[in-house]
Amino acid sequence: MNGRAVVVATLLVGWLLAGSAVLAAPAAANSIDIDSTLSESPASGEVDVRTTVTIPDGITSLRITLPEETDVYETDGFQQSADDPNAYEWTRETDQPSLRYSYEGNITVDRGDGQEYIYAVTDEWAVVRSPSIGVKWSPVDADVNRNYSVAGEGVAGRHISYLGPYTEHDREASGQRFRLVVSDRSDMAESPEDVLDSLAAAARRIEGGERDAEVLVFAVPSTVEWAATGLQRGDSDMWVRDVERLDTPANTWVHEYVHTRQDYDRTEKTRWTVEGMADYYAALIAYEQGHIDYEAFRRRMERGTADRHDDVRLTDPATWEGTRGNYEKGALVFGHLDRRLRADADSSLDAAIQRFNQPNEELTHEAFLDAIEDAGNADIREDAARYTETTDTPEVWSREEHVAAFGGPEMRYEFVGFAVDGPYRTTGLDEPRLVTGETLRPTVRVRNVGTQEGDFSAGFTVDGEAVATETGTLAPDEETTVEFAHAFESTGEYGIGVGAATDTVTVEAPAAPEVTGVSVEPTDPALGETVAITATVESSAERPAAGDVTIAVDGGAIGSEDVAIGSGTTTVSAETSFDAPGEYTVSAGARSTTVTVRDETANVVTPTAGSDGTPPADGRVTPTADDGAGLGAGVAILGLLGSLLFARRR
């Protein structure tokens, strides 16, 4: 072989080796981007979507599948598949083919009370399922990025989207970002900050299951008839009604969050664990956060013992469908196992859940029992089998048993004093009794009777509505006091509470003022002399009084004044004079007195200086004539003689 042939052969071999390497290796990983933008539809109850697919180099065929019951009205680079009306195949005319379609946004169910919404579209807002789009392609490997957005106002999640005006509140906790999207049409029963506090505490408390990087929570208006208090879909999207509260063992915010941490695949025999676990942790975490007391937690667990669950076997869904047995008996069984694991095995339900809560792994009944035994012992496994496979039901444990097993903080609340302030008084009260317009200031003692330091959240409620919250941290056996304030503008009886502490506030209208005395000075004035009238006023009942007090002479009003009396007495004054002699009746309210006016004219008098120009030492005054000239001694004597003569003639 000559040199040239060797070179050619060498090049050929190198080219073949390189070619074989190229053919053997797939193209570099690219991404298929599927971008779906949701918008309002002119058709009532529907949502419009534009889905655009960005196709990378190396892909020669691609097919997407839309959800059922979509109405495609525009295609660009896609054509409908011949074998599936919901599938569309890429025509290769553009590397960014798109579809425009609409689908029904209103999804309802009928559970015996008529049609109720799971997703809803109204004239002002919509909460809908995000379209789930399947994709197949060849021949190279590629990642798929699914992105969702809203044209206009709104927030789109991968599984749930909201269209309409909103306000977003964010919180970082335990490696998760919580996005709380509150519709502008929502009327929240709890503040967004308090909701985020509760979710953050739940994120720290729950140990099993992966924490998603982002949890998207929609607070939806309660202006439609929802089929549930909340709904969780996908990895971490959920909606909760705006009226849902934190101070309840049925804490929907926490319940739905628990679902985001359930990563396992369930079987028919373990379906009950999904809602049972969420209901149990919702009640337990509400109790541990101080939103409810132990009695409220216990009552929630007792629902699992109701007669309607007598035939429930948790491993047999046919026995609990429609009874909420999976929620209520399921929560009780989880609680019983948790307490036993803590009390008898120095373990917890959290440890068992960590064993079986594995992403994309099927949880069989045996695997559930194995996890309970691994975390505890064979005896506790027997309990788990008994209470899930048979109709037997565990008993609810006492508060003392709970604290002994769980440890932790336990907050007790007690009303220890009441005060009032307002337009009438600022004082302490023996009981919460006040009048409209006053502000009640109750003082509450908070004591940690548990075994560990913990946070408390003392929520003050009026007729069940949360109006204020005070928070803090207490060590075991430590106590503090917190004060609340609430103004009452309407009469009636109001129930107030903080945790298990309750009382009743009585609000009445102010009493009428009552005049208890009328005095005049002087009682026998001369004509034209000024008379000062004083009415003493107090409340006509054992509560503050408000109203008008009028002073009258012979029935004719000469003055009035609005009075506000908290306690004791007050006075109302007026002045008058008389231009005719006689007896006059001066009155105020039901009280009166008599003034006798003398038939002589009052003189205006001024102090007369002494010989040195100073007023008389005894303070007496000497009458003076209108022209200011002093009366001589002779005139005075003549006046005295005249008076005696007038007296003798009479």
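Residues numbered from 1 in each chain as written. Predicted model: local features only at pLDDT ≥ 70, side-chain atom pairs only at ≥ 80, totals over all residues. Heavy atoms only, no water.

1. Quick notes on the overall build of the chain
A tally of regular secondary structure across the chain gives eleven helices and 39 strands. Residues counted as buried form 44% of the 650 residues belonging to the chain. Per element, the accessible surface of the chain, about 32,300 Å² overall, is 44% carbon and sulfur. (Helix = DSSP H or I, 4+ residues; strand = E, 2+ residues; numbered from the N terminus. Buried < 20%, exposed > 50% of the residue type's maximum accessible area, 1.4 Å probe, protein only. Areas by Shrake-Rupley, 256 points an atom, 1.4 Å probe, with all protein chains shown as cover.)

2. Some details on the pairing of strand S36 (residues 556–565)
Where strand S35 (residues 545–553) and S36 come together, nine bridges link them in antiparallel fashion. Across the sheet, Thr550 pairs through a bridge with Ser560, a residue of S36. Linking S35 to S36, which pair antiparallel, is a turn of two residues; within it Asp554 sits at a positive phi near 50 degrees. (Pairing = 2+ DSSP bridges.)

3. Brief notes about the pattern of salt bridges
The final tally for this structure, using the stated rule, is 43 salt bridges. The residue Arg205 makes a salt bridge to Glu288 at a minimum N-O spacing of 2.7 Å. On the criterion of sequence distance, the pair formed by Arg205 in helix H2 (residues 192–205) and Glu288 in helix H4 (residues 272–288) is long-range, its members being 83 residues apart. Relative accessible area serves as the criterion here: at 27%, Glu288 is assigned to the partly exposed category. The network of salt bridges with shared partners includes Glu168, Asp170, Arg177, Arg179 and Glu214. (Salt bridge = Lys/Arg side-chain N within 4 Å of Asp/Glu carboxyl O.)

4. Re the environment of Pro192
Within the element layout of this structure, Pro192 appears in helix H2. On a C-alpha basis, the gap between Pro192 and Glu168 in space is 9.2 Å, while along the polypeptide they are 24 residues apart. For Pro192, the residues in contact, after removing those within four places along its chain, are His169, Leu180 and Val182. (Contact = heavy atoms within 4.5 Å.)

5. Focus on the packing of helix H7 (residues 349–356) against helix H8 (residues 365–375)
In the contact formed by H7 and H8, the axes pass within 8 Å of each other and the chain directions differ by 135 degrees. Here H8 runs oblique to H7, going by the angle between their axes. For the pair H7 and H8, the crossing hand works out as right-handed. Taken together, the residues of H8 that come into contact with H7 (itself represented by Leu349, Ala351, Ala352, Arg355 and Phe356) are Phe368, Ala371, Ile372, Asp374 and Ala375. (Axes fitted to C-alpha atoms, helices over the stretch in contact; angles between N-to-C directions. Parallel < 35°, antiparallel > 145°, perpendicular 65-115°, else oblique. Left-handed = near helix turned anticlockwise from the far one by under 90°.)

6. Some points on the packing of aromatic side chains
Overall, the coordinates contain 17 aromatic pairs when judged by the stated rule. A centroid spacing of 6.3 Å and a plane angle of 85 degrees characterise the contact between Phe334 and Phe368, whose relative ring orientation is edge-to-face. Of this pair, Phe334 sits in helix H6 (residues 325–345) while Phe368 sits in helix H8; the two residues are 34 residues apart in sequence, bridging distant segments of the chain. In this structure, Phe334 and Phe368 share a single accessibility class: buried. Following the ring pairs from residue to residue traces out a cluster consisting of Tyr264, Trp272, Phe334, Phe356 and Phe368. (Phe/Tyr/Trp six-rings, centres within 6.5 Å; stacked < 30°, edge-to-face > 60°.)

7. Overview of the sheet that holds strand S37 (residues 569–576)
Strand order in the open sheet formed by three strands is S32-S34-S37, and the pairing between neighbours is antiparallel. Here the strands that pair on one side only, and so sit at the sheet edges, are strand S32 (513–521) and S37. In this sheet, neighbouring strand axes are inclined to one another by 20 degrees on average, regardless of whether the strands run parallel or antiparallel. Pairing of S32 with strand S34 (residues 531–539) involves eight bridges; the strand directions are antiparallel. For Val515, the partnering residue across the bridge sits in S34 and is Val537.

8. Side note on the sheet that holds strand S38 (residues 582–588)
Pairing between the strands of a sheet is mediated by backbone hydrogen bonds and can be parallel or antiparallel. Spatially, the five strands line up as an open sheet ordered S33-S39-S38-S35-S36, and their pairing is mixed. Each of the sheet's edge strands pairs with one partner strand only, and the pair in question is strand S33 (526–527) and S36.

9. Some details on unusual backbone geometry
Backbone torsion omega between Ser138 and Pro139 reads 5 degrees, so that peptide bond is classified as cis. Of note, Pro139 is situated in the loop between strand S11 (134–138) and strand S12 (142–150). Following Glu521, the chain continues to Pro522 via a peptide bond in cis, the omega torsion being 0 degrees. On the secondary structure map, Pro522 appears in the loop between S32 and S33. If you check the backbone angles, Glu69 has positive phi at about 60 degrees while not being a glycine. Positionally, Glu69 belongs in the loop between strand S3 (61–65) and strand S4 (70–76). Positive phi, close to 55 degrees, is recorded for Asp463, a residue that is not glycine. With respect to the secondary-structure elements, Asp463 resides in the loop between strand S26 (454–462) and strand S27 (465–474).

10. A few points about the side chain of Asp350
Looking at where Asp350 falls in the secondary structure, it is placed in helix H7. One polar contact links Asp350 to Arg205, side chain to side chain, over a distance of 3.1 Å. Excluding residues within four positions of it along the chain, Asp350 makes contact with Arg205, Glu207, Tyr281 and Arg342. (Polar contact = N/O pair within 3.5 Å; in protein donor to acceptor, adjacent residues only side chain to side chain.)

11. Remarks on the confidence of the model for the chain
Residues shown with low pLDDT carry predicted positions that ought not to be read at fine detail. The predicted model of the chain has a mean per-residue pLDDT of 89, with 88% of residues at 70 or higher. Low pLDDT, under 50, characterises residues 1–28; the predicted model gives this stretch three contacts beyond four residues in sequence or across chains. Low confidence marks residues 608–650, where pLDDT is under 50. Its contacts with residues over four positions away, or in another chain, come to 15 contacts. (pLDDT = per-residue confidence, 0-100.)

12. Some remarks on the environment of Leu199
Locating Leu199 in the fold gives a position in helix H2. In this structure the C-alpha to C-alpha distance between Leu199 and Val254, which are 55 residues apart in sequence, comes to 6.3 Å. Once residues within four sequence positions are removed from consideration, Leu199 is found in contact with Phe178, Val217, Met238, Trp253 and Tyr257.

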